[in-house]
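Breakdown of the fold
Residues per chain are reported as follows:
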Amino acid sequence: MRKGCGSGVSLYRHFMNYAAMSLAAFSAVVVLAPLFAILIYLVIKGAGAINWAFLTQIPKPVGETGGGMANAIWGSGEILAIASLIGVPLGIAGGIHLAEYGRHCFADAIRFMADVLNGIPSIVIGMAIYGLVVVTQRHFSALAGGIALGVMMIPTVLRATEEMLLMVPQSVREAALGLGISQWRTAIFVTLRTATSGVITGIMLAFARVAGETAPLLFTAFGNQFWNFKINQPTAALPLQIYTYAISPYDEWHRQAWAGAMVLIVLIIGTMSAVRFVAGRGMSKGVA
Amino acid sequence: MLVGALSLVGALGLIIFELIYNCRLSLAKFGWRFFITNSWDPVAGEFGAWAFVYGTLLSSLIALVIAVPLGIAVAVFINELCPRSLRKPLSFAIELLAAIPSVIFGLWAIFVLAPVLRSYLEPFLANYFGWTGLFSGPAYGIGVLAAGMILAIMVVPIICSISREVMLTVPQQQREGVLALGATQWEMIRIGVLRNARAGILGAIILGLGRALGETMAVTMVIGNSPDVVKSLFSPGYTMASVIANELNEAMTSLHRSALIEIGLALFIVTLAVNAFARLLVSAAKRRMPARAHA
Amino acid sequence: MGVNIDVCDLRAWFGSAEVLHGVSMHVRSNAVTAIIGPSGCGKSTFIRCLNRMHETVPTARVRGSVNIGGFNAYNGTPAVDVRRRVGMVFQKPNPFPTMSIYDNVAAGLKLNGFRSRRDLDEVVERSLRMAALWDEVKEVLKNKSGASLSGGQQQRLCIARALAVQPEVLLMDEPASALDPISTAKIEDLIYQLKERFTVVIVTHNMQQAARVADSTAFFLMGDLIEYDKTEKIFTAPADKRTEDYITGRFG
């Protein structure tokens, strides 16, 4: 007696199977379409507008064609440099602390706070730095922008450093300690050395993330139509400039916004590909 | 070394202190009803943030409605269905999507997405679904719908990659157990993978929500920036993050500034709660706590 | 009722490594056949070819024929159909942790379109009785999750789950190796009763177990079927020297 359980798979189940698989494949196409659309538009509209002038000149007054985003590119460089000076050392130091000294109960609290800091919307961070730095100094500055972005870099660098250091086998540390090297020297010159490529990956990822951030700069660096080499003055930045131009009513500025966007995306994709490359190489020679 | 770690604590502490300290003006004057009153008049000194709360919630909701099924479907596709050779390229593509800065999404949304919405999608929706009341009014292209859609594109990578991580922790024996009963591949995925990973997938969705709530640039560029509370998705709107972005620099009075900072504080608290809850779900799922819950 | 299985020149590969070299054997219905052999000899691969689970591994390949009760398991038959008719119990118990005991047993039935509450209840009870688990769980069928049972109970739950879809053959891949001696004994009693209704093929690395439960035993070594005969004969008067060496513990 074989009650009920058919001897084959019903048509309905076959259909559901194919339907589900097709839907999944279709979803992949739907999700990737905007990616390609954006990249293609960037190339089409951006490449047309990029020329030597764009990369070397500052914006022309409204209504005139030509000019470029040289000051914004330079300004972004300034701000990102300041951010890295803040974010990288503090992040690495924190990561070393958590990995090498972090057995106490504070360690978990610190990790949690890193996650919290990571999750704060970037505009809120911008707002806070505005209140802390800009209002106190009574002017916008590249410094404030750098601080805001630096603060955003700390959690990423910290977590990456900690993870990489934890992957270094204990035997490496013991070898150094056995030679009479102090704990902190071991941490920096031995353990960290071994995990270098991984830590660099983390730094580059943090860098790529903040390079494109606009919101925090709205109230810190503020932007500037002219050259500015002092860190204590409002400074132009690439994402800011793109934003300002994009929402403006001028076609010429729209064109330049696309160009700026293309420069930005090339920078970011370049960093990400470099990350993949470094990470790949690090595997073979780094951590045992 | 301790300095580094403590700097984190210090930074966080400073930020929180700064936010709370500076919104005391507005907090004192308007109290908690601030968030449910709909009146935003900087000139008259009247501030009620309901329109922005509504806009934030609505755009995030639209984003999730679109991004959740897509994100999970793509995660399933990459992990279980696609040919092995495609896996790395597809993952890289999703990573790329996640790395594109918000302002570039906004740029594209203004000049590509919004016109498409205005010319094709919105008339289509008004024609066939106008009866729901959600798709009425002039089709500007710019508006809550556009903001929701660009948010969806930005949130899909998060949902996808975290769902993938969780799905990978489901032991192979669970998949084989279902297959051995005579299940089709989709049935195996449904019962053996998705069902077991559902807590973690929920966490992924909530993390996506957290991102959507705080997203600023892309939304500001296409939402229309008009504090209306209207049912139609075609109408312009305003989010909490957008009003801060637009008005903080121009705020003349300290009351105005304080009100904006209060909105920022609320954003901070909400995203904090959402992210913390989501991370709890995801890490519990990844440690494969046996689901004792349910009947 | 159980059916015969005819395996003819079965070969299997993982990538370019051939792990089964042309195995042919006839498995009798309503009997327990044990597959023994040292680690890596291909016994798990062999039974996984019988229900087409081997091919779920990427780069896996199969050649040869497997005939189950008259139908060809490979040529033209969808794998899903084969797996419905040939049940499998795995080495490590794998109940579905998000489902209750009842839902675990009913999982296969629901997939196959069984919807009626009364039918489901009846089959779930029957399967749990057959797996000697009914008395222990009948009070908590829908309240407890499949994963909350003890190891031995979980394995019997998996057996009940496999039996519920009324397969013709039951394959067991070292079903008791992850269990304590008492649970093992219960499972062995179970196997002895199951052969009345099913054809049972059991892989085991425990020779005493094979001697206790199996009617026939096959000895595999490095992908070849070395000897296949009544259990009594294999263990008391093996024909091949390699079999004898394995049984007396000289290797493996």
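If you're wondering where the values come from, they're calculated on a predicted model, not measured in any experiment.

Below, the discussion takes up the overall build of chain C. If you tally the helices and strands in chain C, you get 10 helices and 10 strands. On C-alpha atoms alone, chain C measures out to a radius of gyration of 18 Å, which is about the 18 Å that the 2.2 N^0.38 rule sets for 252 residues. Oriented by its inertia axes, the alpha-carbon framework of chain C measures out at about 55 × 40 × 30 Å. Every one of the 252 residues in chain C was classed for burial, and the buried ones make up 50%.

Our next topic: the overall build of chain A. Of the regular secondary structure elements, chain A holds 12 helices and zero strands. Going from the N terminus to the C terminus, chain A shows its helices and strands as α-α-α-α-α-α-α-α-α-α-α-α. For 288 residues, the compact-globule formula gives about 19 Å, and the C-alpha radius of gyration of chain A, at 25 Å, lies well above that figure. For chain A, contacts bridging at least 24 residues in sequence account for 77% of all contacts bridging at least 6.

Residue and element names in this part refer to chain C. Pairing in this open sheet of four strands is antiparallel, and the strands run β2-β1-β4-β5 from one edge to the other. Single-partner strands in this sheet number two, and they are β2 (17-27) and β5 (71-72). Pairing of strand β1 (residues 5-14) with β2 involves seven bridges; the strand directions are antiparallel. Note that in β2 the partner of V7 across the bridge is M25.

The predicted coordinates ought not to be read in detail in places where the model reports low pLDDT. In the predicted model, chain C carries a mean pLDDT of 90, and 99% of its residues have values of at least 70. Across the interfaces of the predicted complex, the ipTM metric reaches 0.88, alongside a pTM of 0.85.

Attention shifts here to the interface of chain A and chain B. Of the residues lining the interface, 69 residues belong to chain A; the matching set on chain B comes to 59 residues. Among the elements of the structure, α1 (11-49), α3 (70-101), α4 (106-119), α5 (122-137), α6 (142-167), α10 (215-218), α11 (238-246) and α12 (251-285) of chain A are those that each provide at least two residues to the side of chain A that touches chain B. Per element, the largest residue contribution to the side of chain A that touches chain B is 18 residues, and it comes from α1 of chain A. Classifying every residue of the side of chain A that touches chain B gives 56 nonpolar, 10 polar and three charged.

Before going further, it helps to spend a moment on the packing of helix α9 (residues 198-214) of chain B against helix α12 (residues 254-286) of chain B. All names here are of chain B. The N-to-C vectors of α9 and α12 enclose an angle of 160°; their axes lie 8 Å apart at closest approach. The orientation of α9 relative to α12 falls into the category roughly antiparallel. For the pair α9 and α12, the crossing hand works out as left-handed. When α9 is examined against α12, the residues A199, G200, L202, G203, A204, I206, L207, L209, G210, L213 and G214 are found in contact with a partner set consisting of L267, V270, T271, V274, N275, F277, A278, L281, V282, A284, A285 and K286.

Here we take up the pairing of strand β4 (residues 60-68) of chain C. All names here are of chain C. Note that β1 and β4 share eight bridges and pair antiparallel. Bridged to F14 within β4 is A60. By the bridge criterion, two bridges tie β4 to β5 in an arrangement that is antiparallel. Of the residues in β5, the one forming a bridge with I68 is F71. Where β4 folds back on β5, the antiparallel hairpin that results is connected by two residues, among which G69 adopts a positive phi of roughly 55°.

All names here are of chain C. Pairing is mixed across the open sheet formed by six strands, whose spatial order is β6-β7-β8-β3-β9-β10. Every interior strand has two partners, whereas the edge strands, β6 (86-89) and β10 (224-230), have only one. Sheet twist, expressed as the average angle between the axes of neighbouring strands with direction ignored, equals 20°. Sheet topology note: the strand β9 (residues 216-221)/β10 ladder contains six bridges and is antiparallel. The partner of F220 across the bridge, within β10, is L225. Along the sheet face, helix α6 (residues 151-164) touches β6 and β7 (169-173) and points at about 170° away from the line of β6.

All names here are of chain C. Its identity is not glycine, yet T59 carries a phi of approximately 70°, on the positive side. By secondary structure assignment, the location of T59 is in the loop between α1 (43-50) and β4. Overall, the presence of 10 C-beta atoms within 10 Å leaves T59 in the exposed class. Non-glycine residue M222 carries a positive phi angle of around 50°. Within the secondary structure layout, M222 lies in the loop between β9 and β10. Residue classification places M222 among the partly exposed positions, given that 14 C-beta atoms sit within 10 Å.

Right, let's talk about the confidence of the model for chain A for a bit. All names here are of chain A. Confidence in the prediction for chain A averages 84 pLDDT; 93% of positions are at 70 or higher. In the model, residues 1-7 has pLDDT below 50 throughout and makes eight contacts with residues more than four positions away in sequence or in other chains. A low-confidence stretch, residues 283-288 (pLDDT under 50), is modelled with nine contacts involving residues beyond four sequence positions or located in other chains.

Let us look at helix α4 (residues 117-130) of chain C. Residue and element names in this part refer to chain C. For α4, which comprises 14 residues, the first-to-last C-alpha distance of 20 Å matches the rise-based estimate of 20 Å (1.5 Å per residue) to within 8%. V123, V124, S127 and L128 are the residues of α4 that are buried. What you see down the axis of α4 is that its buried residues fit within an arc of 130°, all on one side. Of the residues in α4, the exposed ones pointing more than 90 degrees away from the buried face are R118 and E122. Where α4 is buried, its residues touch α3 (101-111), α5 (134-137) and α6. Residue A132 follows α4 closely and has a positive phi angle near 60°.

Residue and element names in this part refer to chain C. Between α6 and helix α7 (residues 181-194), whose axes approach to 9 Å, the crossing angle comes to 20°. Between α6 and α7, the crossing angle belongs to the class labelled roughly parallel. Judged by the sense of rotation from one axis to the other, the crossing of α6 with α7 is right-handed. Between α6, through G151, G152, Q155 and I159, and α7, the contact on the second element is made entirely by S183, K186, I187 and L190.

Turning next to the environment of V137 of chain C. Residue and element names in this part refer to chain C. One can find V137 in helix α5. Put simply, V137 and I182 are 45 residues apart on the chain and 18 Å apart in space, counted from C-alpha to C-alpha. Ignoring sequence-local partners within four residues, the contact set of V137 consists of I101 and L128.

Reading the values: rules and limits
Counting restarts for each chain: residues are numbered from 1 in the order of the written sequence. Following the order in which they are written, the chains are lettered starting with A and the ligands numbered starting with 1. Given that the model is predicted, a residue must reach a pLDDT of at least 70 before its local features are reported, and side-chain atom pairs must reach 80 or more before they are shown or counted; all residues, however, enter totals for whole chains, interfaces and linings. Helix and strand definitions follow DSSP, with helices as H or I runs of at least four residues and strands as E runs of at least two, each counted in order from the N terminus. Just to be clear, the radius of gyration here is over C-alpha atoms, and the globule rule we use is 2.2 Å times residues to the power 0.38. Neighbour counting defines burial: a residue surrounded by 20 or more other C-beta atoms within 10 Å of its own C-beta is buried, one with 12 or fewer is exposed, and intermediate counts give partly exposed, using backbone-placed C-beta atoms. Residue pairs qualify as contacts under a 7 Å threshold applied to their C-beta atoms, which are placed from the backbone. Being paired, for any two strands, means DSSP has found at least two bridges between them. Residue-level confidence of the predictor is what pLDDT reports, using numbers from 0 through 100. Charged residues are taken to be Asp, Glu, Lys and Arg, nonpolar residues to be Ala, Val, Leu, Ile, Met, Phe, Trp, Tyr, Cys and Pro, and polar residues to be all remaining types, Gly included. Lines fitted to C-alpha atoms define the axes here, with helix axes fitted over just the stretch in contact, and angles between the N-to-C directions of these axes take values from 0 to 180 degrees. Roughly parallel here means an angle under 35 degrees, roughly antiparallel means over 145, roughly perpendicular means 65 to 115, and every remaining angle is called oblique. By convention the crossing between two helices is left-handed if the near helix lies anticlockwise of the far one by an angle smaller than a right angle, and right-handed if it lies clockwise. Given a helix with a known number of residues, its expected span is that number minus one, times 1.5 Å. This arc describes the spread of directions from the helix axis toward the C-beta atoms.

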